[in-house]
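# What the coordinates show
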Amino acid sequence: MSKDNYIIEVRGLVKKFGFKTVLRKIDLSLKKGDLLVLFGPNGAGKTTLIQILSSLMLPTSGKVWIAGFDTGYDREALHKVIGVISHNTFLYNNLSAHENLKFYGRMYKVMNLRERIEEVIGLVGLRGYMNDHVQTFSRGMQQRLSVARAIIHDPLIFFLDEPFTGLDQHGVEDFKQILKKFRDQGKTIVMTSHDLDRGLELCTQAAILKSGNLVYKEDVSNISQDDFKDIYFQHTGEQKMPVYVY
Amino acid sequence: MTFIQKVWAIVWKDIASELRTKEMLLSMCLFSFLVLIVFNFTFDTGLKNLRENISGILWVAFIFSGLMGLGRSFGVERDKGTLHGLLLCPISPWGIYLGKMIGVFIFMVVMEIFTLSVFTVLYNINIIPFLLPLGLIIFLGTLGFATIGTVFSAMSATTKARDVMLSILVFPISVPMIIALVKATYIILWGGAIQEIYPWLKILIAFDLVFLLLAYLTFGFIIEE
Ligand SMILES: Nc1ncnc2c1ncn2[C@@H]1O[C@H](COP(=O)(O)OP(=O)(O)OP(=O)(O)O)[C@@H](O)[C@H]1O
Ligand SMILES: [Mg+2]
């Protein structure tokens, strides 16, 4: 059973694809209201971890509890309380922005759906594109709509895989505001990012994943961005500035 | 109640999406039209033994164009990356299955109405007098086909040779159903007594129920990765 004071609890999580071990014995626990940003080089296993947390993938071994629900069993109940943004936008190209939100809203049984759609579409700045087909949207607009889709049912917990992908400056600012609001409302967020500054600006906790190992996880509210950069490169073994030798 | 509303939301989404482009419906109808035309040229419509073939021709048209729709049902969700969005919704795998299956069923019925109208003209058969029993047989056949097909559509959505896989999987399993359908349709079209179709009817109903049950029991495992 999950301990009540942790809203996210991962124990001994291992994920293998065939013979390849992608996540090695991950232990992770988060309290309600935490905003964890997962950093790590390409291929470290961040997306895999997010997918397992959101129950889209099953772990090879180990256990994951989200809000007390076991991700292997209580999926329907779990899905009601989580919002996910992934590499895919989960949007239907032939449907309009409004129709997409209407579909997902119905699936989550959102009350007063009409008003809620207006609200979230305003939050992501797409009010003028309500009836346009997603097909005609730019990547950034699709990402904005994907944000609206992920928050339509007002979830308690968010799993966000590189949510800033494709967003322009305004989009980034809007999304930061949304995240800050959620953080203040006491929602729990796990997010991956490649942008150390942007990620660090928002989070209460930072974690670094390297080749499937969780090599660092600390409260970083009191750590400066420069210090964290040093920590990051120490742990990932990457150099701050590439040195080219000709 | 909530469950039905969610299933309906999936059906609505598939229909709304299809009506935008009509890609699938058009290709399904075109395909069945071509099947009917080709067979019409091949056989001389005046011949007596054509009567035996004609119900087979009808079901060849239905089933092969139905396969086109099936391949897309889960295939498109997979290709466009929306499958995970669907799986993340708070609905059981069975609900997702039903939503997708009913969608396929509706598209097939539209195609079948079109095909039947072409059929009556090309083969000079008046189906109005036996519309009711014929409709019942077509309903059961389409339901069975959509039931089996949706399971395999989800299974083969991940494979590269999706459409080939789908036909290889669906046909052998549907053989008993197809035989029952062709026999029953033959009896109806040539004015046989209604009692004659009862044995086939029973087979069809049993077939539909068994496969719906199997889908109910297994779909959760099939759709999981
Ligand atoms: N379905 C899969 N089958 C086999 N290997 C996979 C699969 N998905 C991911 N991997 C492997 O798992 C490892 C981690 O991948 P993952 O996508 O989780 O990395 P990531 O940290 O999100 O990287 P990025 O920063 O590029 O997004 C990679 O080596 C990748 O090749
Ligand atoms: Mg990734």
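The preceding data block contains the structure.
### Description of the overall build of chain A
- Across its full length, chain A holds 8 helices and 10 strands.
- Counting only C-alpha atoms and orienting by the principal axes, one finds that chain A spans roughly 50 × 50 × 40 Å.
- Across the 246 residues of chain A, 54% fall into the buried class.
- Considering only contacts within chain A whose residues lie at least 6 apart along the sequence, 66% involve residues at least 24 apart.
- Surface accessibility of chain A: about 11300 Å² in total, with carbon and sulfur atoms responsible for 48%.
- If the 32 positive side-chain charges of chain A are averaged to one point and the 28 negative ones to another, these points end up 6 Å apart.

### Digging into the interface of chain A and chain B
- Of the residues lining the interface, 27 residues belong to chain A; the matching set on chain B comes to 25 residues.
- Between chain A and chain B lies a buried interface of about 2600 Å² when both sides are counted; carbon and sulfur atoms form 66% of it.
- A salt bridge links Arg20 of chain B to Glu99 of chain A, with the shortest nitrogen-to-oxygen separation between them at 2.8 Å.
- Linking chain A with chain B are 8 residue pairs in polar contact (both at pLDDT 80 or more).
- Of the residues assigned to the side of chain A that touches chain B, the class counts are 12 nonpolar, 8 polar and 7 charged.

### Digging into the site of ligand 1
All names here are of chain A.
- Around ligand 1, the structure places 13 residues, and the nearest of them are Gly43, Lys46, Thr47, Thr48 and His194.
- Asn42 places a side-chain nitrogen or oxygen 2.9 Å from an oxygen atom of ligand 1.
- Contacts to ligand 1 include Glu162, whose side-chain N or O atom sits 3.3 Å from an oxygen atom.
- Within the complex, the protein chains bury 63% of what would otherwise be the 640 Å² of accessible surface of ligand 1.
- For the shell around ligand 1, the secondary structure elements donating two or more residues are strand E2 (20-30) and helix H1 (46-53).
- The leading source of residues in the shell around ligand 1 is H1, at 3 residues.
- Here the shell around ligand 1 is composed, by residue class, of 4 nonpolar, 6 polar and 3 charged.

### Some remarks on the packing of helix H6 (residues 131-156) of chain B against helix H8 (residues 198-223) of chain B
Residue and element names in this part refer to chain B.
- For the pair H6 and H8, interaxial distance at closest approach is 9 Å and the crossing angle is 20°. When the axes of H6 and H8 are compared, the pair comes out roughly parallel. Classified by chirality, the crossing of H8 by H6 is left-handed. In this structure, H6 contributes Leu136, Ile137, Leu140, Leu143, Gly144, Thr147, Ile148, Thr150, Val151, Ala154 and Met155 to the contact, and H8 contributes Leu201, Leu204, Ile205, Phe207, Asp208, Phe211, Leu212, Ala215, Phe219 and Ile222.
- The class makeup of the residues in the contact of H6 with H8 is 17 nonpolar, 3 polar and 1 charged.

### Comments concerning the environment of Thr188 of chain A
All names here are of chain A.
- Turning to its location among the elements, Thr188 is positioned in strand E8 (residues 188-192).
- Residue class for Thr188 comes out buried when judged on its relative accessible area of 0%.
- Once the C-alpha coordinates of Thr188 and Lys31 are considered, the two residues, 157 residues apart in sequence, prove to be 7.5 Å apart.

### Some thoughts on the side chain of Ser55 of chain A
- Positionally, Ser55 of chain A belongs in the loop between H1 and strand E4 (61-66).
- Filtering out sequence-adjacent residues up to four positions away, Ser55 of chain A remains in contact with Thr71, Arg75, Leu78 and His79 of chain A.

### Overview of the nonpolar core
- Ranked by internal contacts, the top residues of the largest apolar core, which has 158 residues, are Ile8, Phe159 and Phe228 of chain A.
- Broken down by element, this core gets its largest block of residues, 12 residues, from helix H5 (residues 93-122) of chain B.

### Thoughts on the environment of Val175 of chain B
- Along the chain, Val175 of chain B turns up in helix H7 (residues 162-189).
- With 146 residues separating them in the primary sequence, Val175 of chain B and Cys29 of chain B have C-alpha atoms 23 Å apart.

### Thoughts on the pattern of salt bridges
- One pass over the full model with this rule turns up 16 salt bridges over all chains.
- Between Asp154 of chain A and Lys187 of chain A there is a salt bridge; the shortest N-O distance is 3.0 Å. Of this pair, Asp154 of chain A sits in the loop between helix H5 (139-151) and strand E7 (157-161) while Lys187 of chain A is found in the loop between helix H6 (169-184) and E8, placing the two residues 33 residues apart along the sequence.
- On the basis of relative accessible area, Lys187 of chain A is assigned to the buried category, the value being 8%.
- Linked through salt bridges whose partners overlap, the residues forming this network are Lys13, Asp14, Glu77 and Lys100 of chain B.

### Some words on the sheet that holds E2 of chain A
All names here are of chain A.
- The strand order E2-E1-E4-E5 describes an open sheet built from 4 strands, whose pairing is antiparallel. The open sheet terminates on both sides in strands that have one partner only, identified here as E2 and strand E5 (69-70).
- As paired elements, E4 and E5 share 2 bridges and run antiparallel to each other. By the bridge assignment, Trp65 is partnered in E5 with Asp70.

### Some thoughts on the pairing of strand E3 (residues 35-39) of chain A
Residue and element names in this part refer to chain A.
- Burial runs high along E3: 5 of the 5 residues are buried.
- Taking every second residue as pointing to the same face, both faces of E3 are buried, with Leu35, Val37 and Phe39 on one and Leu36 and Leu38 on the other.
- Where E3 meets strand E9 (residues 205-210), 4 bridges bridge the pair, whose relative direction is parallel. Bridging across to E9, Leu38 finds its partner in Ala207.

Here is what the cut-offs are and how they apply
- Residues numbered from 1 in each chain as written.
- Chains lettered and ligands numbered in written order.
- Predicted model: local features only at pLDDT ≥ 70, side-chain atom pairs only at ≥ 80, totals over all residues.
- Heavy atoms only, no water.
- Helix = DSSP H or I, 4+ residues; strand = E, 2+ residues; numbered from the N terminus.
- Buried < 20%, exposed > 50% of the residue type's maximum accessible area, 1.4 Å probe, protein only.
- Contact = heavy atoms within 4.5 Å.
- Areas by Shrake-Rupley, 256 points an atom, 1.4 Å probe, with all protein chains shown as cover.
- Lys, Arg positive; Asp, Glu negative; His and termini not counted.
- Charge placed at Lys NZ, Arg CZ, Asp CG, Glu CD.
- Buried area = accessible area lost by both parts, 1.4 Å probe.
- Salt bridge = Lys/Arg side-chain N within 4 Å of Asp/Glu carboxyl O.
- Polar contact = N/O pair within 3.5 Å; in protein donor to acceptor, adjacent residues only side chain to side chain.
- Nonpolar A, V, L, I, M, F, W, Y, C, P; charged D, E, K, R; others polar.
- Near = heavy atom within 4 Å.
- Axes fitted to C-alpha atoms, helices over the stretch in contact; angles between N-to-C directions.
- Parallel < 35°, antiparallel > 145°, perpendicular 65-115°, else oblique.
- Left-handed = near helix turned anticlockwise from the far one by under 90°.
- Core = buried A, V, L, I, M, F, W, Y, C linked by side-chain atoms within 4.5 Å.
- Pairing = 2+ DSSP bridges.

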